[in-house]
Amino acid sequence: MKATIFAIFLLISMMLPMLMAVAPMAYAQQAPKGPWVDEVDFFVVTEDAKALDMLLKNEMQVYFRDVRDPAIFKQIKASPDLWYATSYGLYFELTFNPVGPVFPATGKLNPFAVPKIREAINYLVDRKYICDEIMAGMAVPRYTCLTPAFPDYARYADVLRDIEKKYSYNLDKAREIITGEMLKLGAELREGKWYYKGEPVTIIFLIRVEDQRRGIGDYVASQLEKLGFTVDRQYKTSREAAPIWVRGNPADGKWHIYTGGWITTIVSRDESDNFGFFYTPRGGMGPLWSAYKPSPEFDYVAGKLWARDYKTVEERDELMRKALYLSMEDSVRVWLVSQIASWPARKEVSLTYDLAAGFSGARLWPYTIRYTGKVGGTVKIASTDIFVDPVNPVAGSNWIYDHMYYDPLSDPAVMPDPFTGLYWPQRVKRAEVYALKGLPIGVTLDWVKLSFVDNITVPTDAWYDWDAAKQEIIYAPPGTTAKTKTVIYYDDNIFDMKYHDGSKFSIADIVFSYILTFDRAKPESPIYDESYVPSFEAFREYFKGFKIVSVKPLVIEYYSDALYLDAEWIAASAAGAFYPAYGLGPGPWHTIAIGWLAEADKKLAFSADKAEALKVEWMSYIAGPSLPILKGYLDKAIADKFIPYKNVMGKYVTESEALERYNNLKKWYEAKGHFLVGNGPFYLDRVDTTAKIAVIKAYREFIDTADKWLKFSKPMIPSATITAMPTITPGLSVEIPISVTFEGQPYKVADVQYVKYIITSPTTTLVGVAEPVKDGEWRIKLKSEETSMLPPGTVGVEVIVVSKLVGMPVSTTGTARVMSVTEYLMSEIAKVRAEYEAKISDLTKTVGSLGKTVDALTARIDSLTATVNMLMGVTVVALIIAIVAIVLPFVKKK
């Protein structure tokens, strides 16, 4: 017995150190609440070379900026300590000031007030030169607001090819058009220079310096100088340029052109609203957008697309095609290039990236960033800028440099898939989408159920509007109809969710968000904002009703005329319409309420436009003069037990609940020194706007564990190859084989949405869809009537593959030879002659080996030769008859 006990004790003693060593490792791998890491520190590095050096030395772990220097990218690829992601959603353009033709403030001429001059700039810029020489091959030409790597580009590839051909580089054409328009404006061209009222026509060009836009700006400036303009090249950072082109009044005449840059933060499956955003006041980003005045036709088309006001795919196609051509005629923006961007990180750090936005714009990166093999730790992330514009939860900064640190503070109702652009539920269990029969809507993911119905009537107890004067909800008028009805079933534990200051999420947050959406657009409201009205009116066009069906469980109904091609987007729009933290930043009602008071008293303003109009500070919740003002209004809210919109909000929040929230916020401000409170996996711990440092820390009371979103790995981007290119004969059918693979393996047919082809000749364009043969194999089948349309010579063949697993289309190109009828006839005759000559040769050899029967067989050979000649004649006649049969119907059509 003693021996047994001793043996057990000895065994335990031997194993204890091993158990102690293993246990912490197992514990460390357990997913914590909130994010995997403890802290993320953001800071600024303005040079790629320095960023690379810091990555290699492990002084930082991730670079939230795409690398555009080919030499540095080569070093990243070669390093065993680094990895990189590739994205396709960054792009550059030229933004024009459209005010004029004479600036009211200066009396100076603005040539770019004339649409034809803006349109002519498309001929002035050589996009291929920019891609090859300035972007060093890390970009592709871009002519429109449709992104080459997104699905809509594939849908309208034939239109885009026509636009690319029409607006290709042509300096002489640009000169001709611009000269004619300048003379109409009263300008004079003297000794190669343009003058207006005796002074040189000087173009003030704001050129960004942080990236290749400096080189692009210099190139465009030189091209303008070739036409006789004097160019004032003003080199500026984003921080220096933003107050002029975004926040400044364009009528002040302080700029003519700006080198714009944009990033799409998700794979956009529907870019139809880009026309409304980039060309009309609907974009609502500042005074510049208010100055946009598109033609009535373009505004109508852009508005229809903005509101998704169409009933069929064919109607959408017609609107999109019109919008593409009309946008080129408008050209308040001239698009230049879409980048192929690389984002580097150290190999011990992993994070989800987005095919559109890379690291910094990926909505999932805060949920997935981690050190391989451990929990916790601090990740240092650098970018080229931060704190560009003031941040507030209503109308604050829209810069990606600011999104990168405040997106992690909020938790949306739905989450965009980083590879497909579809939406997944985050705070939603399921959704039901009801749509009118015949509408062009599909569904992919099983959390959304799609049904088609004959009609949808909005119930009269649904919320429809807001009366700012009476401070009451306006309900849907009887007979109000909608194109879609969405029922959202939120998670059962949604009311267990806490904001960073300890306040619990409540239905009052949703109610407040609804009222605020309407109130800011009402002239009777103390927070009325004229600059917000265009974007609100666009929303009002398709919003039909909102109803809280039940609170516990939380179920809402959302009625709309807005359409998306994917039911998941319709469900996402409904789930996030009034859900706090879905928009640009976090938004619990009590944090916005203190800003509401400040704007109502005209001490601060949520938006840049209103701040400019009132001559007050653009509200910042994290730094600067806004903070003591907001602190004063927090004290006032506590003293007055303030409940905004109390007639309605009083039904959903009591004075004691309001005081509890305000006191939570007061304690938060005393501890952290800012008011930016959200519900995301990180909270904002510290900001230093002078040193340009932001520190976010793990919020361990977050409702989910860190392993929820680890399912996203490598995107399955297909490869396409034209495996053989046959010679095409007019009037005869032909097949062109295509291979579709991923990393050398066949791409499943079930995972491919479609394979499109475009065959172009100098006179004809054929567009169609290839058919599947088996996994990894597709074929283009051209009918005889289609090949008859192709002239002899060389034609281009483009194949575009759209996958269901990634939202990015891929393409490949090749050339095919179209043989003339004469060539085809002669080749067929030659084939027949060669075949029979071979038979005769074989017979002759046989005869030579049979000496005794030479004479008899010689006679038979002569007879066979005569037969061959006769057959050749018959063949020629048959071929001629066949060709005539093919050609004759087309001759009759003429």
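Please read all numbers here as calculations on a predicted model, not as lab measurements.

Conventions used here
Residues numbered from 1 in each chain as written. Predicted model: local features only at pLDDT ≥ 70, side-chain atom pairs only at ≥ 80, totals over all residues. Heavy atoms only, no water. Helix = DSSP H or I, 4+ residues; strand = E, 2+ residues; numbered from the N terminus. Buried < 20%, exposed > 50% of the residue type's maximum accessible area, 1.4 Å probe, protein only. Contact = heavy atoms within 4.5 Å. Areas by Shrake-Rupley, 256 points an atom, 1.4 Å probe, with all protein chains shown as cover. Phe/Tyr/Trp six-rings, centres within 6.5 Å; stacked < 30°, edge-to-face > 60°. Lys NZ or Arg CZ within 6 Å of the ring centre and 35° of its normal. Pairing = 2+ DSSP bridges. Axes fitted to C-alpha atoms, helices over the stretch in contact; angles between N-to-C directions. Parallel < 35°, antiparallel > 145°, perpendicular 65-115°, else oblique. Left-handed = near helix turned anticlockwise from the far one by under 90°. 1 Å grid on protein atoms, 1.4 Å probe; cavity = no way out; pocket = protein on both sides within 12 Å on 5 of 7 lines; lining within 4 Å. Points joined across faces, edges and corners; volume = space filled by probe spheres on them. Nonpolar A, V, L, I, M, F, W, Y, C, P; charged D, E, K, R; others polar. Polar contact = N/O pair within 3.5 Å; in protein donor to acceptor, adjacent residues only side chain to side chain. Arc of directions from axis to C-beta. Salt bridge = Lys/Arg side-chain N within 4 Å of Asp/Glu carboxyl O. pLDDT = per-residue confidence, 0-100.

> For the overall build of the protein chain, give the residues involved together with the corresponding values.
Looking only at helices and strands, the protein chain features 27 helices and 38 strands. Taken over 894 residues, the protein chain has a buried fraction of 56%. Taking the intrachain contacts of the protein chain between residues at least 6 apart in sequence as the baseline, contacts between residues at least 24 apart amount to 72%. Working note: accessible area of the protein chain is about 37000 Å², and carbon and sulfur atoms make up 56% of it.

> Account for the environment of isoleucine 507, naming residues and giving values.
Looking at where isoleucine 507 falls in the secondary structure, it is placed in helix α17 (residues 507-519). Taking the relative accessible area as the measure of exposure, isoleucine 507 reaches 8% and is therefore buried. Distance in space between the C-alpha atoms of isoleucine 507 and tyrosine 652 is 6.9 Å, their sequence separation being 145 residues.

> With reference to specific residues and values, describe helix α18 (residues 533-542).
Along α18, the residues that are buried comprise Val533, Phe536, Ala538, Phe539, Arg540 and Tyr542. Its buried side turned inward, α18 meets α13 (296-306), β21 (463-467), α17, β24 (543-550) and β25 (555-560).

> Give me the lowdown on the packing of aromatic side chains, citing residues and values where you can.
The full count for this structure, using the stated rule, is 55 aromatic pairs. A ring pair is formed by phenylalanine 539 and tyrosine 542, whose centres lie 5.9 Å apart and whose planes are at 80 degrees; its orientation type is edge-to-face. Of the two residues, phenylalanine 539 and tyrosine 542 both sit in helix α18, 3 residues apart, roughly one turn of that helix. On the accessibility criterion, tyrosine 542 (16% relative accessible area) is buried. An aromatic cluster of at least three residues, connected via ring pairs, comprises Trp463, Tyr514, Phe518, Tyr532, Phe536, Phe539, Tyr542, Phe543, Phe546, Tyr558 and Phe578. The ring of tyrosine 143 carries the charged tip of arginine 127 above its face, separated from the ring centre by 4.0 Å. In this structure, arginine 430 packs its charged tip against the face of tyrosine 489, placed 3.8 Å from the ring centre.

> Could you give me a rundown of the sheet that holds strand β6 (residues 188-190), with the residues and numbers involved?
Taken together, 3 strands build an open sheet; the order of strands is β6-β7-β8 and the sheet is antiparallel. Each edge of the open sheet is held by one strand with a lone partner, namely β6 and β8 (199-200). As defined by bridge partners, β6 adjoins strand β7 (residues 193-196) across 3 bridges and the pair is classed as antiparallel. Considered in β7, the bridge of arginine 190 is made with lysine 193.

> Explain the packing of helix α5 (residues 127-134) against helix α9 (residues 213-226) to me, using residue names and the numbers behind them.
Contact pair α5 / α9: the axes reach a minimum separation of 11 Å and the direction vectors enclose 140 degrees. Judged on the interaxial angle alone, α9 and α5 are oblique. Considering the relative orientation of α5 and α9, their crossing is right-handed. Taken together, the residues of α9 that come into contact with α5 (itself represented by Tyr129, Ile130 and Ile134) are Gly215, Ile216 and Tyr219.

> Could you give me a rundown of the pairing of strand β12 (residues 333-339), with the residues and numbers involved?
Across the 7 residues that make up β12, a large majority, 7, are buried. Relative to β12, strand β4 (residues 90-96) runs antiparallel, the two being bridged by 5 bridges. Bridging across to β12, tyrosine 91 finds its partner in serine 338.

> Any chance you could break down empty space enclosed by the protein for me, citing the residues and the numbers?
This structure, assessed with the given rule, holds 5 cavities of 30 Å³ or more. Volume-wise, the second largest cavity comes out at about 60 Å³. Every residue along the wall of the second largest cavity is listed here: Gly34, Pro35, Tyr367, Gln426, Pro681, Phe702, Asp704, Thr705, Ala706, Lys708 and Trp709. The residue inventory of the lining of the second largest cavity, partitioned by class, reads 6 nonpolar, 3 polar and 2 charged.

> Account for the packing of helix α22 (residues 626-640) against helix α24 (residues 655-672), with residues named and values stated.
Relative orientation of the contacting elements α22 and α24 amounts to 150 degrees, with a least axis distance of 10 Å. The pairing of α22 with α24 is recorded here as roughly antiparallel in orientation. Relative to α24, α22 is oriented so that their crossing is left-handed. For the pair α22 and α24, contact is made by Leu627, Lys631, Leu634, Asp635, Ala637 and Ile638 and by Leu659, Tyr662, Asn663, Leu665, Lys666 and Tyr669, respectively. Here the residues of the contact of α22 with α24 sort into 8 nonpolar, 1 polar and 3 charged.

> How would you sum up the sheet that holds strand β34 (residues 765-769)? Please name residues and give values.
Spatially, 4 strands are ordered β34-β33-β37-β38 in an open sheet, and the strand pairing comes out antiparallel. In this open sheet, the two strands that pair with only one neighbour each are β34 and β38 (810-818). Taken pair by pair, the neighbouring strands of this sheet meet at an average axis angle of 20 degrees, ignoring direction. For strand β33 (residues 752-760) and strand β37 (residues 793-803), the ladder comprises 8 bridges, and the chain directions are antiparallel. Bridge pairing in β37 links threonine 760 to glycine 796. Lying on the sheet, helix α7 (residues 157-166) is in contact with β33, β34 and β37; it crosses β33 at an angle near 35 degrees.

> Just give me the short version of the side chain of serine 338, but keep the residues and values in it.
Relative to the helices and strands, serine 338 is located in strand β12. Overall, the relative accessible area of 2% leaves serine 338 in the buried class. A polar contact of 3.0 Å, which involves the side chain of serine 338, links it to the side chain of arginine 142. The residues touching serine 338, leaving out its near neighbours within four places in the chain, are Leu90, Tyr91, Ala139, Val140, Arg142, Thr147 and Pro148.

> Help me get a handle on the side chain of threonine 259, residues and values and all.
Within the secondary structure, threonine 259 sits in strand β11 (residues 257-263). Those residues in contact with threonine 259 that sit more than four places away from it in its chain are Glu93, Leu94, Phe205, Leu206, Ile207, Arg208, Arg213 and Gly217.

> Describe α7, listing the residues and the values that go with them.
Ala157, Val159, Leu160, Ile163 and Glu164 are the residues of α7 that are buried. Buried residues of α7 fall within an arc of 155 degrees about the axis and therefore sit on the same side.

> Go over the pattern of salt bridges, please, and point to the residues and values.
The full count for this structure, using the stated rule, is 56 salt bridges. Here aspartate 461 makes a salt bridge to lysine 547, at a shortest N to O gap of 3.2 Å. Remark: lysine 547 occurs in strand β24 and aspartate 461 occurs in the loop between β20 (448-453) and β21; sequence separation between them is 86 residues. Judged by relative accessible area, which is 41%, aspartate 461 ranks as partly exposed. The partner of lysine 485 in a salt bridge is glutamate 557, and the shortest N-O contact between them spans 3.9 Å. Separated by 72 residues along the polypeptide, lysine 485 in strand β23 (residues 484-490) and glutamate 557 in strand β25 bring together distant segments of the chain. Overall, lysine 485 belongs to the partly exposed group, its relative accessible area being 22%.

> Just give me the short version of the environment of proline 393, but keep the residues and values in it.
Mapped onto the fold, proline 393 is located in the loop between β16 (378-383) and α16 (400-406). Overall, proline 393 belongs to the buried group, its relative accessible area being 13%. Residues proline 393 and isoleucine 592 lie 199 residues apart in sequence; the distance between their C-alpha atoms is 7.0 Å.

> Help me get a handle on the pairing of strand β19 (residues 428-436), residues and values and all.
Of the strand pairs in this sheet, β19 and β23 are connected by 7 bridges, and their pairing is antiparallel. The residue bridging alanine 431 from the neighbouring strand is isoleucine 488, located in β23. Looking at chain direction, β19 and β20 are connected through 6 bridges and run parallel. Directly across from tyrosine 434, in β20, lies its bridge partner serine 451.

> Talk me through the confidence of the model for the protein chain; I want residue IDs and the actual numbers.
Averaged over every residue, the pLDDT of the protein chain is 90; residues scoring 70 or more account for 89%. Across residues 1-28, confidence stays below pLDDT 50; counting only partners more than four residues off in sequence or on other chains, it has 3 contacts. Low pLDDT, under 50, characterises residues 882-894; the stretch is placed with 7 contacts to residues that sit more than four places away or in other chains.

> Lay out unusual backbone geometry in plain terms, naming residues and giving numbers.
A cis geometry characterises the amide bond from glycine 100 onward to proline 101, with omega recorded as 25 degrees. Tracing the backbone shows proline 101 in the loop between β4 and α4 (115-124). Cis geometry marks the peptide bond from lysine 552 to proline 553; its omega dihedral reads 0 degrees. The residue proline 553 is located in the loop between β24 and β25 in this model. Even without glycine at this site, tyrosine 645 takes up a positive phi of about 50 degrees. Assignment of secondary structure puts tyrosine 645 in the loop between α22 and α23 (646-649).

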